[in-house]
Amino acid sequence: MPEGPSVRKFHLLVSPFVGQQVVRTGGSSKKLHPDGFQALWLQDTQVHGKKLFLRFDPDEEMGPPGNSNPVPEHLCGGAQGKGAADQKQASGPHGRKTSDGAFRSLELVVPQGSDGPACVGEDTPAGGAERWLQVRFGLFGSIWVNEFSRAKKANKRGDWKDPVPRLVLHFAGGGFLVFYNCQMSWSSSPMVRVTCDILSEKFHRGQALEALGQAQPVCYTLLDQRYFSGLGNVIKNEALYRAGIHPLALGSLLSPSRLEALLDHVVEFSTDWLQGKLQGKQRHTEIYQKAQCPAGHQVMKEALGPPRGFQRLTWWCPHCQPQLPR
Ligand SMILES: [Zn+2]
């Protein structure tokens, strides 16, 4: 699944289309009915951790867009769209339209819309309508702007088959967005605490440090999206290496200054990754998927995770990241 920096980039690709009306649709999504987007206005977009949210409003005379099926569609293989397209961006906001509550601030923490999950699937009046499209990207998930992803190699049968877009939205400004390999569903609001989002300006360091200081291996805590929204396995491995901390070190045994340093590396690596992405640079990792660390030591690799929890491949250098004395 793309980590926070990738989804941030998708958010930036979508942003120029805010304020425009959908004039034509396409895509293979069965659950979402791409033609249901016809004539809707893209009114806002937000990113929270690894999820992208797009708010669509109907014209006044139309019903709410979220008419429907709360069941997320399944990820399908096949789509191979890697990397998002270059941005021949659409011609800016076009016919921007405002409506109540359309432009919500990022610090939103309380679910908007009075009805909440109970109304999922109901054909509710505007107040409780599910107007936020929630997008979760699969492993090769991506958004392309004004062009389609093309096959990069033949499949097993020798066919050069282009990835099938899940959703295509053409806008009044002349540009279009193409969504590949993602799960989409309607929700009433982005219910995310931005204070946990490692790339948000509102990221709350104190809260994050408190979480890291728990008496459990720091590599478990880092992947806990309740505290570190947007943080994935790459960032985990890189931040631990750069901070010189063993992945199984208990947070409670690390000094406050070492926890601070770890957090600094999390934020710095994530921010650099995002900046690099925006400039089209390759991600640079020092330990993730490496056989040797930059100092030439042999790297250890093991699947680590909480008991009965998801075990994630973890790379570390036993010299640069020594185990703490017990
Ligand atoms: Zn090393």
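Scoring rules and cut-offs
- Residues numbered from 1 in each chain as written.
- Predicted model: local features only at pLDDT ≥ 70, side-chain atom pairs only at ≥ 80, totals over all residues.
- Heavy atoms only, no water.
- Axes fitted to C-alpha atoms, helices over the stretch in contact; angles between N-to-C directions.
- Helix = DSSP H or I, 4+ residues; strand = E, 2+ residues; numbered from the N terminus.
- Parallel < 35°, antiparallel > 145°, perpendicular 65-115°, else oblique.
- Left-handed = near helix turned anticlockwise from the far one by under 90°.
- Contact = heavy atoms within 4.5 Å.
- Donors = N, O, S within 2.8 Å, 3.2 Å for Na, K, Ca; no water.
- Tetrahedral: all angles 85-135°; square planar, octahedral: opposite > 155°, others 65-115°.
- Buried < 20%, exposed > 50% of the residue type's maximum accessible area, 1.4 Å probe, protein only.
- Pairing = 2+ DSSP bridges.
- Nonpolar A, V, L, I, M, F, W, Y, C, P; charged D, E, K, R; others polar.
- Salt bridge = Lys/Arg side-chain N within 4 Å of Asp/Glu carboxyl O.

Draft legend 1. View of the packing of helix H4 (residues 233-243) against helix H5 (residues 256-278). Here H4 crosses H5 at 130°, and the two axes come no closer than 8 Å. Taken together, the axes of H4 and H5 lie oblique to each other. Note on packing geometry: the crossing formed by H4 with H5 is right-handed. The segment H4 lies against H5, with Val-234, Ile-235, Glu-238, Ala-239, Leu-240, Arg-242 and Ala-243 engaging Arg-258, Leu-262, His-265, Val-266, Phe-269, Ser-270 and Trp-273.

Draft legend 2. Examining the coordination of the zinc ion more closely. Distances from the zinc ion to its protein donors, Cys-293 (SG), His-297 (ND1), Cys-317 (SG) and Cys-320 (SG), fall at 2.2 to 2.3 Å. One can describe the site at the zinc ion as tetrahedral: its four donor atoms subtend angles covering 99 to 120° at the metal. Coordination of the zinc ion draws on donor residues from a single chain, spaced C-x3-H-x19-C-x2-C in sequence. Highlighted residues: Cys-293 in the loop between H5 and strand S7 (300-304) and Cys-320 in the segment after strand S8 (312-316), separated in sequence by 27 residues. Note on Cys-293: relative accessible area 4%, which makes it buried. For Cys-320, a relative accessible area of 25% puts it in the partly exposed group.

Draft legend 3. How the structure looks around the pairing of strand S2 (residues 41-48). Within S2, eight of the eight residues are buried, which leaves the element mostly enclosed by the surrounding structure. With seven bridges joining them, S2 and strand S3 (residues 51-57) adopt antiparallel strand pairing. Within S3, the residue paired with Gln-46 across the bridge is Phe-53. Turn length for the S2-S3 hairpin, with the two strands adjacent in sequence and antiparallel, is two residues, and the turn residue Gly-49 shows positive phi of about 60°.

Draft legend 4. Main features of the packing of helix H1 (residues 4-14) against H5. It is the contact of H1 with H5, at a shortest axis distance of 9 Å, that shows an interaxial angle of 45°. As the angle between them shows, H1 and H5 are arranged oblique. Viewed along their axes, H1 and H5 form a crossing whose handedness is right-handed. Together, Pro-5, Ser-6, Arg-8, Lys-9 and Leu-12 of H1 and Ser-270, Trp-273, Leu-274, Lys-277 and Leu-278 of H5 make up the contact between the two elements. For the contact of H1 with H5, the per-class residue count stands at five nonpolar, two polar and three charged.

Draft legend 5. How the structure looks around the pattern of salt bridges. Per the counting criterion, the structure on display carries seven salt bridges. Linking Glu-260 and Arg-205 is a salt bridge whose minimum nitrogen-to-oxygen distance equals 2.7 Å. You can see Glu-260 sitting in helix H5 and its partner Arg-205 sitting in helix H2 (residues 205-212), a full 55 residues away along the chain. In this structure Glu-260 comes out as partly exposed when scored by relative accessible area, which is 34%. Between Asp-264 and Arg-205 there is a salt bridge, and its shortest N-O distance comes to 3.0 Å. Separated by 59 residues along the polypeptide, Asp-264 in helix H5 and Arg-205 in helix H2 bring together distant segments of the chain. The class for Asp-264 is partly exposed, based on a relative accessible area of 36%. According to the relative accessible area criterion, Arg-205 is partly exposed, its value standing at 30%. Linked by salt bridges that have partners in common, Arg-55, Asp-57 and Arg-131 make up one network.

Draft legend 6. Molecular detail of unusual backbone geometry. Positioned with a positive phi, Asn-181 is a non-glycine residue whose angle comes to about 45°. For Asn-181, the position within the fold is in strand S6 (residues 176-187). Residue classification places Asn-181 among the buried positions, given a relative accessible area of 5%. For Gln-289, which is not glycine, the phi dihedral falls at a positive 60°. Looking at where Gln-289 falls in the secondary structure, it is placed in the loop between H5 and S7. For Gln-289, a relative accessible area of 54% translates into the label exposed.

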